[in-house]
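# Fold and geometry: a report
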Amino acid sequence: MTESPVVSPETGHAENGSSASTDPTGVFGELVGQEPVVDQLRRAVTSSAPAHAWLFTGPPGSGRSNAARAFAAALNCEVESPAGRGCGSCRTCRLIITGAHPSVKLVSTENVTYRIEDIRELVTTAQDRPQGTRWRVIVVEDADRMTERATNVLLKAIEEPPPHTIWVLCAPSPADVLVTIRSRCRMVSLRIPPAEAVARLLVARDGLNAQQAHFAARVSQNHVGVARRLARDPEVRSRRENVVTLPLRVRTSTDAVQAAGKLVEMTQADAESAAEARLAQEQAALRRSLGLDVEEKIPPKLRSQFKRLEEENTRRAKRAVADSLDRALIDLTAVYRDVLSLKLSAGVELINDHLRAELTDYAENLSPEHALGCLDAISAARMRIGQNVPPLLAMEALMMSFLSVEDHRR
């Protein structure tokens, strides 16, 4: 098997682990390839009366949640620069980006749907005046997880909001939100950024060379957060390689069952690693914003802010496993997308180009119809995971579908 490029600390990053340079666009710096969106949000920030309700839409990897946080920070930024508000360096910007500012509520759910009690609590919070900022901003991630009853609770709050409150809802597409809510929101549509834009960000902020950045951008399918983790963490790269080569190794029913168990185990490890890394980043950012040194003991009056971060991280744990498993299934989708490209001589760059030889051999005896069948099976597995089917059961069914393809080859 061909080895993936390795990002070494000596050649891939600055010695202190920080970004190689600072992006001048402040809080909007990570919204690469989203220039029309950044322009739209900057205009809103400078407006004397921005819209009171927004709907940010875009597929996974487009950065809709990051865009919502950046917008909330820019609305309340303390610094007025020639480029507008949203410096990313003032205390308010830093607190909002890390989720620690009391005037900005960042809401997500670990459940299949939001509870009505959660939405009612948000409506109550929306009535409070902001603390030390111009706006109280409530960011609702996964707004597509609201039931019709929960949406109706939210509807009146959006129709008649307090003058100091701005709602920001996030969803994969406008169709995922009821029309009664959609019609009352200003729309912001994000796209998957181009690979070149993601690679440039990795070079500028993470100190990668061009080859390393392009590899990370390509295999992450242009997802900035995933690309950064792949570039920085050898274990993440190793787990991905194990995932994308699973179909090549499934030969018997025993192989299928073992592969399913290994896939679930790997995604759990990946989720735990991501959660720990995110918590460490958030804690470090909060320390900087509060003026605390790395080893300095946390004063009692500030402990509640750190405890809130830990509690939020615990709530994210279960959802992180499902998200990590979904990411693994996206990587498997890329395998069969590459197989189809080879079968049809499409002439496009393979996502897993470093596995070209292995995939070419795998594709030789596989028909396009069976490759499409595997893609359908992966899509069904993603749907089952979203419906709370036990992960191991869903993955065993998926691996058995790969085995049926192998039976066809034999």
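This structure is a prediction, so every number in the text was calculated from the model and none was measured.

Basis of the calculations
Residues numbered from 1 in each chain as written. Predicted model: local features only at pLDDT ≥ 70, side-chain atom pairs only at ≥ 80, totals over all residues. Heavy atoms only, no water. Helix = DSSP H or I, 4+ residues; strand = E, 2+ residues; numbered from the N terminus. Rg over C-alpha atoms; globule rule 2.2 N^0.38 Å. Buried < 20%, exposed > 50% of the residue type's maximum accessible area, 1.4 Å probe, protein only. Contact = heavy atoms within 4.5 Å. Domains from an automatic or database assignment. Buried area = accessible area lost by both parts, 1.4 Å probe. Salt bridge = Lys/Arg side-chain N within 4 Å of Asp/Glu carboxyl O. Polar contact = N/O pair within 3.5 Å; in protein donor to acceptor, adjacent residues only side chain to side chain. Pairing = 2+ DSSP bridges. pLDDT = per-residue confidence, 0-100. Expected span 1.5 Å × (residues − 1).

### Describing the overall build of the chain
In terms of regular secondary structure, the chain is built from 17 helices and five strands. What you see for the chain is a C-alpha radius of gyration of 22 Å, in line with the 22 Å of a compact globule of 410 residues. The 410 residues of the chain split such that 49% are buried. Relative to all contacts within the chain whose residues are 6 or more apart in sequence, the contacts with residues 24 or more apart total 74%.

### Structural notes on unusual backbone geometry
Leaving glycine out, the prevailing phi sign among residues is negative, and the prevailing peptide bond configuration is trans. The phi angle at aspartate 142 is positive, at roughly 55°, despite the residue not being glycine. Inspection of the secondary structure puts aspartate 142 in the loop between strand E3 (136–140) and helix H6 (148–159). At serine 345, a residue that is not glycine, the phi angle is positive and equals roughly 50°. Along the polypeptide, serine 345 turns up in the loop between helix H14 (303–343) and helix H15 (356–364).

### Things to note about the domain arrangement of the chain
Looking at the chain, the domain boundaries give domain 1 (30–189), domain 2 (195–232) and domain 3 (253–292 + 307–402). Between domain 1 and domain 3, the C-alpha centre-to-centre distance is 28 Å. Listed per partner, the contact involves twelve residues of domain 1 and 15 residues of domain 3. Together domain 1 and domain 3 conceal approximately 1100 Å² of surface at their shared face, both sides included; 45% is due to carbon and sulfur atoms. Linking domain 1 with domain 3 are zero salt bridges. Seen at the junction of domain 1 and domain 3, the total is zero residue pairs in polar contact (both at pLDDT 80 or more). If one sorts the elements of the side of domain 1 that touches domain 3 by residue count, helix H4 (residues 91–97) sits on top with three residues.

### Considerations on the pairing of strand E4 (residues 165–171)
When you tally the buried positions in E4, you get seven out of seven residues, the bulk of the element. Residues Thr165, Trp167, Leu169 and Ala171 of E4 are buried on one face, and the alternating residues Ile166, Val168 and Cys170, pointing to the opposite face, are buried as well. Bridge analysis of strand E1 (residues 53–57) against E4 gives five bridges, and the strand direction is parallel. The partner of threonine 57 across the bridge, within E4, is alanine 171. Where E3 meets E4, five bridges bridge the pair, whose relative direction is parallel. Pairing of valine 139 across the sheet is with valine 168, part of E4.

### Some points on the confidence of the model for the chain
Looking at the chain as a whole, the pLDDT averages 85, with 90% of positions reaching at least 70. Confidence drops under a pLDDT of 50 for residues 1–23, and excluding neighbours within four residues, the segment shows 46 contacts in the predicted structure.

### Considering H6
Taking 1.5 Å as the rise per residue, H6 with twelve residues should run 16 Å; its terminal C-alpha atoms sit 16 Å apart, in good agreement. The secondary structure elements touched by the buried residues of H6 are E1, helix H5 (116–126), E4 and helix H7 (179–182).

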